Number of protein chains: 2
Amino acid sequence: MTRRSTILEVARDAGVSKTSVSRYFGAERDRLSAALQSRIAASAKRLGYHPNQMARGLKGGRSRLIGMLVADIRNPFSVAVMHGVEQACRARGFSLMVCNTDNDPAQERDHLALLTAYRVEGLVINAAGQPSRELRSLADQGTPLVLLDRILSDFEADMVGLDNAQAIDMALAHLEERGYGELLFISEPPAQASSRQARLGRFRQQVAARGLAGETLCLPLEGGERQLDDAIAAFLVRRPRAPKAVLCANGNVTLAVTRVLQAQEARLGDVGLLGIDELEWCSLVAPGITTLAQPTDVIGRSAVDSLLQRLATADRRSPPRRIHYQAELIPRGSTRRRDTP
Amino acid sequence: MTRRSTILEVARDAGVSKTSVSRYFGAERDRLSAALQSRIAASAKRLGYHPNQMARGLKGGRSRLIGMLVADIRNPFSVAVMHGVEQACRARGFSLMVCNTDNDPAQERDHLALLTAYRVEGLVINAAGQPSRELRSLADQGTPLVLLDRILSDFEADMVGLDNAQAIDMALAHLEERGYGELLFISEPPAQASSRQARLGRFRQQVAARGLAGETLCLPLEGGERQLDDAIAAFLVRRPRAPKAVLCANGNVTLAVTRVLQAQEARLGDVGLLGIDELEWCSLVAPGITTLAQPTDVIGRSAVDSLLQRLATADRRSPPRRIHYQAELIPRGSTRRRDTP
DNA sequence: TTGTACGCGTTATCAT
DNA sequence: ATGATAACGCGTACAA
C-alpha cells in the first residue's frame, strides 16, 4: 500500500525543483530540457504520481469541473443528453459531476450547494420549475449556466432544446396526412417545465388553425393511471367525426399511453399513436410506434459548447442565447390506418 | 456579480477568527457560543458563503467524493444501479462522480486517472475485462474498490452483483415447468465480463443435469445482427424434439433477440423467450416478455455500503467480500405456450 | 533553462 | 470558548 506521492517527492526523487515537476505536468513542458523531462517522467512513473486536482483547483481557481443537474436520471432522454454532455466535457478537458434530483426541489437545492462547494465552472441544468435561491446565487456569481429543454420563469440563462413548435407542426402534418382528424394530446403537468407548455400551446393553436378536432389532457403519470385510463376510454368510445389519434408529449407519456391502449385492446394504427422522444422499444411494439426523435447527443454537446464559450470569453451578462434543434419524424405502423385500405 | 467569498471575509465581517468560522461549518459548531454562532450565520448568509470543498479536501485529505465507472451509461441496468449508488452516496454525505467508458479501455484509463486526480475516496466499478495499470495502482494506494456485476481476473476486490447460478436455475426451472425442452442461450461475448461467463457456464451445466437440449450462442450485438438472425432462424427451423425457447443473458440481448423474432414472425410463447434484466417495455411487447429482474437499487446501495465500510474501518486488505443478490422472476406471456392448451 | 518563495482556502494544533 | 499559526499540494511571479 504505497502512499500517494506528492509533487515534492517526485522533485526530490528526480533531483529537480517542484517548479520543474509542476511545469512538466502543466502547460509548460516545452520549457524543460529533454534531460529534465525524462528524469521527471521516470520518477513520476515509478512513484505513481498524479497531480492533485484539489490543490490545482485551489491554486488556480479552476476546478475543471462541470456540473449537471438531471431531473430524472432514469429517463432515457436525460441519459442520452447526458451522454453527449459527458463526451463534450471530456473532449474539452473537463470532468462531469452528475446530480440526479428525482424531481425533488429539496434535492435540487442540496446538489446545487454541493456543486457550488466543488466550484464547478459551469452548470448544465435540467430541473424543476422555479429557480431556487441557490441557482440564482450561482448565476449571480458568474457561473455559466445552460438550461436543458426548458426555460425558467424570471431567470435569464442560455438554453438548448427542441424546437417545440416545429415538432408539433411536424406531428400534426403527419397525422393529418395519414388521415387522422380527431386528436388527443396528452402531457404531464405543464407547470413544471416550459417545454411542456410550449408543446401544449402550439398544439392548441395549430389544431385550431388546421381545423382539426383536438383536445388536451394533462395529468401526473404517477397516481394518475386511473384517470388516464378513463380519459382514453372516453376518447375512444365517443362517436367519431374522423379517425382518432393520440399525441404523446414525451417518452414517459408514450409508455403510459401504450400500456393503456394495450389494456383496452385498441389496435395501434386504427387509433393513431405518435410520441415525442424516440425509445429503443418503439419499433418493437407492433406495428411500431411512430415517434419524433430529438437529437439528444447534439443537444448535450451543444449545451457544453455554450457553457465553455461563455467561460472562455468571460462573457457573462450578454443576452441569453436560445438554441433549438429540429426533431426528426420516424414513421411507423402506429400512424397507418388499416380500416381504409 | 458577487465574487465568491472566503472564510476570511466571513470572519472579518463577523468580527471573529477564521477558526471560529471553520468550526461553525465543521463538526464543532457546539463549541461556539450562541452569540458567535448567530453572528457567523448572519455574515455567512449575507455574503453567500459556502466552504470551498477543494480547500477542505486539500487540507484534510478527504475529498468526500466517490467515483463510479460505468461501461455503458445507456444501458438501463447500469443507470438503475447508478441511481442506487447516488442515493446511498448522498445519504452518507458523499458526492458522486460518474464516468462513462463506452466500453473503451482507453477511456477507462483516462477516467481512472481523473478520478485519481480528484482523490476520490472510493470507487464503484463496472467496466471492461482486464484491470488496467491505473486500477491496480489505485487499489495499491488503498482506495476502496467495489466491482459491480463482474469480477476481474487476477485482481482482488469486493464485488456485488447477481447470484448468477440461482438466476439461471430459476430460469431453467421456469422454462422446464412451462414445457420448453429445447433451449438456446444467447449472450454477448463472455470474455469481457465474468457474470457472462458465470451465466453461460451454469446454463451449460444445468441443461445437462436436467437432461434438456441446450445450446449456446455468443456474439457481439453490434455487427453481429446478421449472424444472430441466421442462428435464430436455424434454431427455429430445426425439427423440434421439444418446444423451443430462447434465454437471453441480459437486457441488450433481449432487445436484439426480440427484434429478430419479430422480423421472423415467430409467435412469442410458441417459441419461448426469457430475458435476464427487467426493462420497462417488456410488458408492452405482446404477449409480454418474461424476465428475471435484478434488484438494481439494492445492488447500488450495497456497493456504496461496502465501500464506506472499508473506508470507515480503514480495513483494506482483508479478504474480498462477494455479495450476490437473488433475481426475481416476472412471468409473462412469452413463456406460455398456446399450441397445447 | 531552472529554482525560490508566496499564496490559494481550509482545518488541525497549540495557545490563551 | 476563542484565536494565532502552520501545514495541505500545487502554480506562478520573480529571480538567477
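Since this is a predicted model, take the numbers as computed values, not measurements.

Colleague: Mind showing me how you'd approach the overall build of chain A here?
Modeller: Within chain A, the secondary structure is distributed over 12 helices and 12 strands. With the C-alpha coordinates aligned to their principal axes, the bounding extent of chain A is approximately 90 × 40 × 35 Å. Put simply, chain A has 341 residues, and 53% of those count as buried. Here chain A displays about 14500 Å² of accessible surface, and carbon together with sulfur accounts for 50% of that area. Side chains of chain A give 45 positive and 38 negative charges; the mean places of these two sets differ by 8 Å.

Colleague: What is the right way to look at the protein's contact with DNA strand D in this model?
Modeller: Among the 25 residues in the neighbourhood of DNA strand D, the closest are listed as A:Ile7, A:Tyr49, A:Arg56, B:Thr19 and B:Ser33. Restricting the count to atoms of DNA strand D within 4 Å of the protein gives a sugar and phosphate share of 53%. One nitrogen or oxygen atom from the side chain of A:Thr19 is found 3.3 Å from a base oxygen belonging to DNA strand D. At the level of secondary structure, the elements contributing two or more residues to the surface near DNA strand D comprise helix H2 (18-25) and helix H4 (53-60) of chain A together with helix H2 (18-25) and helix H4 (53-60) of chain B. Split into classes, the residues belonging to the surface near DNA strand D amount to eight nonpolar, nine polar and eight charged.

Colleague: Got a minute to help me understand the protein's contact with DNA strand C in this structure?
Modeller: With respect to spatial proximity, 25 residues lie near DNA strand C, and among them A:Thr19, B:Ile7, B:Ser22, B:Tyr49 and B:Lys59 are the closest. Among the atoms of DNA strand C close to the protein, meaning within 4 Å, 53% are from sugar or phosphate groups. The contact in question runs from a phosphate oxygen of DNA strand C to an N or O atom on the backbone of A:Ser17, over 3.1 Å. At 3.0 Å, a side-chain N or O of A:Ser20 approaches a phosphate oxygen of DNA strand C.

Colleague: Could you clarify how one ought to interpret the domain arrangement of chain A in this entry?
Modeller: Put simply, an interface is often sized by how much accessible area is lost when its parts join up. All names here are of chain A. Domain assignment breaks chain A into domain 1 (7-51), domain 2 (60-162 + 296-324) and domain 3 (164-293 + 328-335). Centre-to-centre separation of domain 2 and domain 3, based on C-alpha positions: 30 Å. Counting from both sides, the interface comprises 10 residues of domain 2 and, opposite them, 11 residues of domain 3. Roughly 850 Å² is buried in total at the junction of domain 2 and domain 3, and carbon and sulfur atoms are behind 45% of that figure. The interface formed by domain 2 and domain 3 holds one salt bridge in total.

Colleague: Explanation requested: the sheet that holds strand E4 (residues 145-148) of chain A in the structure shown.
Modeller: Picture the strands of a sheet paired through backbone hydrogen bonds; they go either parallel or antiparallel. All names here are of chain A. Read across the sheet, six strands follow the order E2-E1-E3-E4-E5-E11 without closing on themselves; strand pairing throughout is parallel. At either end of the open sheet lies a strand with only one pairing partner, and these are strand E2 (95-100) and strand E11 (322-325). Within this sheet the neighbouring strands show an average axis-to-axis angle of 15°, counted without direction. As paired strands, strand E1 (residues 65-70) and strand E3 (residues 122-126) are joined by five bridges and run parallel to one another. Pairing of Gly67 across the sheet is with Leu123, part of E3.

Colleague: Before we go on, may I ask you to explain the state of the cysteines in this structure?
Modeller: Between two cysteines, a covalent bond joining their sulfur atoms is known as a disulfide. Residue and element names in this part refer to chain A. Summed over the entire model, instances satisfying the criterion amount to zero disulfides over all chains. No disulfide involves Cys248; its sulfur sits 9.4 Å from the nearest other cysteine sulfur, which is in Cys282. Given the relative accessible area of 0%, Cys248 is considered buried.

Colleague: Explain the interface of chain B and chain A to me, please; I cannot follow it from the model alone.
Modeller: Across the boundary between the two partners, chain B contributes 57 residues, which contact 57 residues of chain A. Interface of chain B and chain A: buried area, both sides summed, is about 5600 Å²; carbon and sulfur atoms make up 54% of it. The tally of links between chain B and chain A comes to four salt bridges. Between A:Asp297 and B:Arg74 there is a salt bridge, with its nearest N and O atoms 3.8 Å apart. Where chain B packs against chain A, one counts 28 residue pairs in polar contact (both at pLDDT 80 or more).

Colleague: What is the right way to read the relation of the copies chain B and chain A from this model?
Modeller: Both copies of the chain are related through a single rotation about an axis accompanied by a shift along the same axis. Note on the identical chains: chain B maps onto chain A by a rotation of 180° and an axial translation of 0.1 Å, with an RMSD of 0.1 Å. Each copy turns onto its partner about a two-fold axis. Most of the interface of chain B is mirrored in chain A: 100% of its interface residues are interface residues there too.

Colleague: Explanation requested: the sheet that holds strand E9 (residues 272-276) of chain B in the structure shown.
Modeller: Residue and element names in this part refer to chain B. On the basis of which strands lie adjacent, the open sheet formed by six strands has the order E7-E6-E8-E9-E10-E12 and mixed pairing. With partners counted over all chains shown, the strands left at the sheet margins are strand E7 (213-218) and strand E12 (328-330), one partner each. On average, each strand axis in the sheet is tilted by 20° relative to the strand beside it, whichever way the strands run. Across the sheet, helix H9 (residues 194-209) lies against strand E6 (182-187), E7, strand E8 (244-248) and E9, angled at about 160° from E7, the strand it touches most.

Colleague: I tried to follow the packing of aromatic side chains on my own but got confused; where do I start?
Modeller: Ring pairs (aromatic) are described by centroid distance and by the angle formed between their planes. By the definition in use, this model includes six aromatic pairs over all chains. Within the aromatic cluster, the residues linked to one another by ring pairs are A:Tyr24, A:Phe25 and A:Tyr49. A cation over an aromatic ring shows up here: A:Arg337 above the ring of A:Tyr180, its NZ or CZ 5.9 Å from the ring centre. Sitting above the plane of the B:Tyr24 ring, B:Arg29 keeps its charged end 3.9 Å from the centroid.

Colleague: Looking at this structure, I do not really get the nonpolar core. What am I missing?
Modeller: Within soluble globular proteins, side chains that are nonpolar generally end up buried alongside one another. The biggest cluster of nonpolar side chains holds 50 residues, and the ones touching the most others in it are A:Ile186, A:Val257, B:Ile186 and B:Val257. The residues contacting B:Val257, other than those within four sequence positions of it, are B:Ile186, B:Leu228, B:Ile232, B:Val246, B:Cys248 and B:Leu273.

What counts, and where the lines are drawn
Residues numbered from 1 in each chain as written. Chains lettered and ligands numbered in written order. Predicted model: local features only at pLDDT ≥ 70, side-chain atom pairs only at ≥ 80, totals over all residues. Heavy atoms only, no water. Helix = DSSP H or I, 4+ residues; strand = E, 2+ residues; numbered from the N terminus. Buried < 20%, exposed > 50% of the residue type's maximum accessible area, 1.4 Å probe, protein only. Areas by Shrake-Rupley, 256 points an atom, 1.4 Å probe, with all protein chains shown as cover. Lys, Arg positive; Asp, Glu negative; His and termini not counted. Charge placed at Lys NZ, Arg CZ, Asp CG, Glu CD. Near = heavy atom within 4 Å. Polar contact = N/O pair within 3.5 Å; in protein donor to acceptor, adjacent residues only side chain to side chain. Nonpolar A, V, L, I, M, F, W, Y, C, P; charged D, E, K, R; others polar. Domains from an automatic or database assignment. Contact = heavy atoms within 4.5 Å. Buried area = accessible area lost by both parts, 1.4 Å probe. Salt bridge = Lys/Arg side-chain N within 4 Å of Asp/Glu carboxyl O. Pairing = 2+ DSSP bridges. Axes fitted to C-alpha atoms, helices over the stretch in contact; angles between N-to-C directions. Disulfide = S-S within 2.5 Å. Least-squares fit on C-alpha atoms with pLDDT ≥ 70 in both. Phe/Tyr/Trp six-rings, centres within 6.5 Å; stacked < 30°, edge-to-face > 60°. Lys NZ or Arg CZ within 6 Å of the ring centre and 35° of its normal. Core = buried A, V, L, I, M, F, W, Y, C linked by side-chain atoms within 4.5 Å.

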